[in-house]
Amino acid sequence: MIANPKKLRPYDEPPRRRRGLIPDWPGSAATGFLVVAALWLALAGGIGLLAVGLRIFPNVSLSLPLIGGAKFQVDAERAQLAFLNVVVYGWLTNAGIAAIFFITSRLTGRRLFMEKMAMLGLLLLNLGVLAGVAWIYVANLGPVTGLSAFPAPVNGLMLLGVLIAAGAFFATEGDPTRGSRYISSWYFAIALLALLGLLAGNVALGVLDLPEKTELLASLFVQRALEAYWLLGVALGTLYYVIPRETENPLYSTGLAILGWATWLLLAGPSGLAPLVDPSVPYFVTTLGIVATLSMLVPAFLVVANLVLTVRGRWGLLLSAGALPFAIVSLAFLLATALLQAIGGLRAVQLLVDHTEWVNGAFIYATLGAYTFALLSFAEYALPRLLRREWGGGFLSGAELWTGFAGATIAGLALIGGGLAQGSLLAQSAPADQIATALLPFRLAAAGGLGLWALAGLALLVSLFLMYTSARPARYALPPAPATLPAVGDA
C-alpha cells in the first residue's frame, strides 16, 4: 500500500489551538459572570412565582425527609427568603461584577488582570450562593434574616469569591501613571469595598454569639446598606458608561456627576440606620437614618438629570432595539425607588407599612426595576461585543424590555397597594382571615406581574443562546480615531 504523502507532512497543516480548562481569553471573566447571572435571573423568576403562590395559599407547604433526620421544607417564608437572595447575590451581583470587568477593561484600555483568578472567584461566589439557597430550604431559620441569612461558611465562600473579583478590578484600575478616571470607576471602587465589608459583617454575625435582637438589627442594617452601596453603586456606574456610549454623546456635566457621586457616598451608609426602629436603638440614630434616606433623593435626581441631558438629540434611539431603552426604564424606576424609600422612611408611614407587602413592593421596584434594567442595558450592549457576534436583538430584545417593564410595574404596584391595605387592617386589629381575603386580589396581580418578569429572564437566556449559536461572527475595523469618554476632572 502506498501512503498518501500529504498525510506525512503535518507541518503543512496549521497547529491546533489548545484550550485550557479555565478560559482566559480577553473578556472571558466578564462573559462567565454574565452568563451565570442570566441563569440566576431565569431561576429567580420561578422562585418569585413560588413565593407569591405560597402567600396566596398560605396553608400549602412541603416537607420531605432527608438523610440524618434533616428535612427539605418549602413554605412561604423560605421561598421569600430564597427569592431575595437569588435576586441579589445570584442575578444582580454576578451581573454587576460582569459589568465592572467589561467597563474597566475598556476604560483603561487593558485586558482584565488575573483573568483566570477571576474565573475562580466566579466559581467560589456561585458555589456559595447555591449552598446558601439549599441551606434555606433545609436548616432551621434563626433570627438573622434577609441578606444575612446564609451561615458563616457560605458567607465566607462568597466573600472569598468577591475578594478575588475586587482584586482583579483594583489591579486593572490601579495604574498610578494614569491620570483622572471616569466616574464609573469611582462608583465601582466604593461599591466593591462596601460589598466586601458587608459580607465580612455577615461572616461575623454567623461566628459571634450575639443576642438575637442585636443579630436582627444588624441584618436589617446590612440589607439596607448593601442595597444603597453595592446595588445602587454598580447600577449608577453602569448607566454612566452605557448611555454616553450608546448615544455617542459626551457626558452632559462632569460637575453634576461628581456632586451626585459625593452625595451618594455621604448618604448611602447612614441610610442603613433607618430600619433600626427599636427601643434599644437611640432615637437620634434612627432619625439620622431617616434623614439620610430622604436625602437620597438628591443623588438620584442629579444622576437622572445628568444622564437624561446626555441623551439630547438622540431620543430616536428609544424606538429601536438596543441598550438605551433599558437604560431609560432604569432611570424611571430609579426615581420611583428613591421616592418610595423616602416616603417609607417617614416614621408614621414606617409604623403603618412595616412588615407588610409594601416592603416587598418597594423591593421589586428597586431590584427588579431600577437595578435589573441598568444591568439588562449593559447585557444588551456588551453581549455582542463579548461574544463577537452581529446581533441586533429584534423581537427578543423587545420582549425582554416590555415583559420586564410591565411585570415589575404591575407586581410592584400591586404589592405596594396591598401593603397599604394590610397596614390599615392591622391598625384596626382585623382578624387574619379578613386580612388574607383583602390581600388576595393584590397578590394575584403580583403573581401575574412576576410571571411577566420571569418571561424577561427567559428572553435573555434565549437571546444569549441564539446569539452564540446562530449569529454571524462580527468583523471589526479599526476606527480612524479612538472614541473615548471624558474623564472626571477633565476640562
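Residues numbered from 1 in each chain as written. Predicted model: local features only at pLDDT ≥ 70, side-chain atom pairs only at ≥ 80, totals over all residues. Heavy atoms only, no water.

**Description of the packing of aromatic side chains**
Next, step 1: Per the counting criterion, the structure on display carries 18 aromatic pairs.
Next, step 2: Ring centres 6.2 Å apart and planes at 75 degrees place the aromatic pair F83 and F363 in the edge-to-face group. Of this pair, F83 sits in helix α2 (residues 76-108) while F363 is found in helix α12 (residues 357-387), placing the two residues 280 residues apart along the sequence.
Next, step 3: Here F83 falls in the buried class, since its relative accessible area comes to 4%.
Next, step 4: For F363, a relative accessible area of 14% corresponds to the buried category.
Next, step 5: Measuring from centroid to centroid gives 5.9 Å for Y89 and F150, while their planes differ by 40 degrees, and the two rings are tilted. Here Y89, found in helix α2, pairs with F150, found in the loop between α3 (115-138) and α4 (152-173); they are 61 residues apart in sequence, far enough to count as distant.
Next, step 6: Overall, Y89 belongs to the buried group, its relative accessible area being 1%. (Phe/Tyr/Trp six-rings, centres within 6.5 Å; stacked < 30°, edge-to-face > 60°. Helix = DSSP H or I, 4+ residues; strand = E, 2+ residues; numbered from the N terminus. Buried < 20%, exposed > 50% of the residue type's maximum accessible area, 1.4 Å probe, protein only.)

**Structural notes on the pattern of salt bridges**
Next, step 1: Considering all chains together, one arrives at 6 salt bridges under this definition.
Next, step 2: A salt bridge links R111 to E115, with the shortest nitrogen-to-oxygen separation between them at 3.2 Å.
Next, step 3: A relative accessible area of 5% means that E115 is categorised as buried.
Next, step 4: Of the charged contacts, one joins K213 and D278 as a salt bridge, the two residues approaching to 3.7 Å between their closest N and O atoms. One end of the pair, K213, is in helix α6 (residues 212-247); the other, D278, is in the loop between α7 (254-271) and α8 (283-295), with 65 residues separating them in the sequence. (Salt bridge = Lys/Arg side-chain N within 4 Å of Asp/Glu carboxyl O.)

**Section: the environment of G418**
Next, step 1: With respect to the secondary-structure elements, G418 resides in helix α13 (residues 395-427).
Next, step 2: For the pair G418 and L439, spaced 21 residues apart in sequence, the C-alpha separation works out to 5.8 Å.
Next, step 3: Setting aside residues no more than four positions away along its own chain, G418 makes contact with E357, L439 and F442. (Contact = heavy atoms within 4.5 Å.)

**Quick look at the confidence of the model for the protein chain**
Next, step 1: On average, residues of the protein chain score 87 in pLDDT, and 90% of them are at 70 or above.
Next, step 2: When the elements of the protein chain are averaged for pLDDT, strand β1 (residues 62-65) gives the smallest value, 79, and helix α9 (residues 297-310) the largest, 95.
Next, step 3: Across residues 487-491, confidence stays below pLDDT 50; counting only partners more than four residues off in sequence or on other chains, it has 12 contacts. (pLDDT = per-residue confidence, 0-100.)

**Some words on a nonpolar patch on the surface**
Next, step 1: A surface patch of nonpolar side chains, about 620 Å² in accessible area, is lined by F113, M114, M117, L120, L123, L127 and L130.
Next, step 2: Turning to its location among the elements, L130 is positioned in helix α3. (Patch = residues over 30% accessible without salt bridge, like charges linked within 9 Å, V, L, I, M, F, W, Y side chains within 5 Å. Areas by Shrake-Rupley, 256 points an atom, 1.4 Å probe, with all protein chains shown as cover.)

**Side note on the nonpolar core**
Next, step 1: With 137 residues, the main nonpolar core has Y89, W91, F101, F102, L226, W230 and Y240 as its most contacted residues.
Next, step 2: Residues contacting Y240, with those up to four places away along its chain left out, are Y182, I183, S184, Y187, L251, A257, V303, N306 and L307. (Core = buried A, V, L, I, M, F, W, Y, C linked by side-chain atoms within 4.5 Å.)

**Remarks on the side chain of S377**
Next, step 1: Looking at the secondary structure, you find S377 in helix α12.
Next, step 2: Take S377: its relative accessible area is 0%, and that puts it in the buried class.
Next, step 3: Excluding residues within four positions of it along the chain, S377 makes contact with L239, V242, A323, F326 and A327.

**A few points about α2**
Next, step 1: In this model, α2 (33 residues) spans 46 Å end to end at C-alpha, consistent with the 48 Å of a helix rising 1.5 Å per residue.
Next, step 2: Its axis deflected by about 30 degrees at L92, α2 carries its strongest bend there.
Next, step 3: For α2, the tally of buried residues reaches 30 of 33 residues, placing the bulk of the element in the interior.
Next, step 4: Looking one or two places after α2, you find G109, whose phi comes out positive at around 75 degrees. (Expected span 1.5 Å × (residues − 1). Bend = angle between axes of the 7 residues up to and from the residue.)

**Thoughts on the side chain of E115**
Next, step 1: Positionally, E115 belongs in helix α3.
Next, step 2: Engagement of the side chain of E115 in a polar contact is seen with the backbone nitrogen of A29, the distance being 3.0 Å. (Polar contact = N/O pair within 3.5 Å; in protein donor to acceptor, adjacent residues only side chain to side chain.)

**Considering the packing of helix α5 (residues 183-207) against α6**
Next, step 1: In contact at an axis separation of 8 Å, α5 and α6 are set at 160 degrees when each is read in the N-to-C sense. The orientation of α5 with respect to α6, classified from their angle, is roughly antiparallel. Our pair here, α5 against α6, has a crossing hand that is left-handed.
Next, step 2: Per-class residue counts for the contact of α5 with α6 are 21 nonpolar, 6 polar and 1 charged. (Axes fitted to C-alpha atoms, helices over the stretch in contact; angles between N-to-C directions. Parallel < 35°, antiparallel > 145°, perpendicular 65-115°, else oblique. Left-handed = near helix turned anticlockwise from the far one by under 90°. Nonpolar A, V, L, I, M, F, W, Y, C, P; charged D, E, K, R; others polar.)

**A few points about the environment of S184**
Next, step 1: Residue position: S184 is located in helix α5.
Next, step 2: On a C-alpha basis, the gap between S184 and T104 in space is 8.5 Å, while along the polypeptide they are 80 residues apart.
Next, step 3: Apart from residues no more than four positions distant in its own chain, S184 is found in contact with I103, L107, G237, Y240 and Y241.

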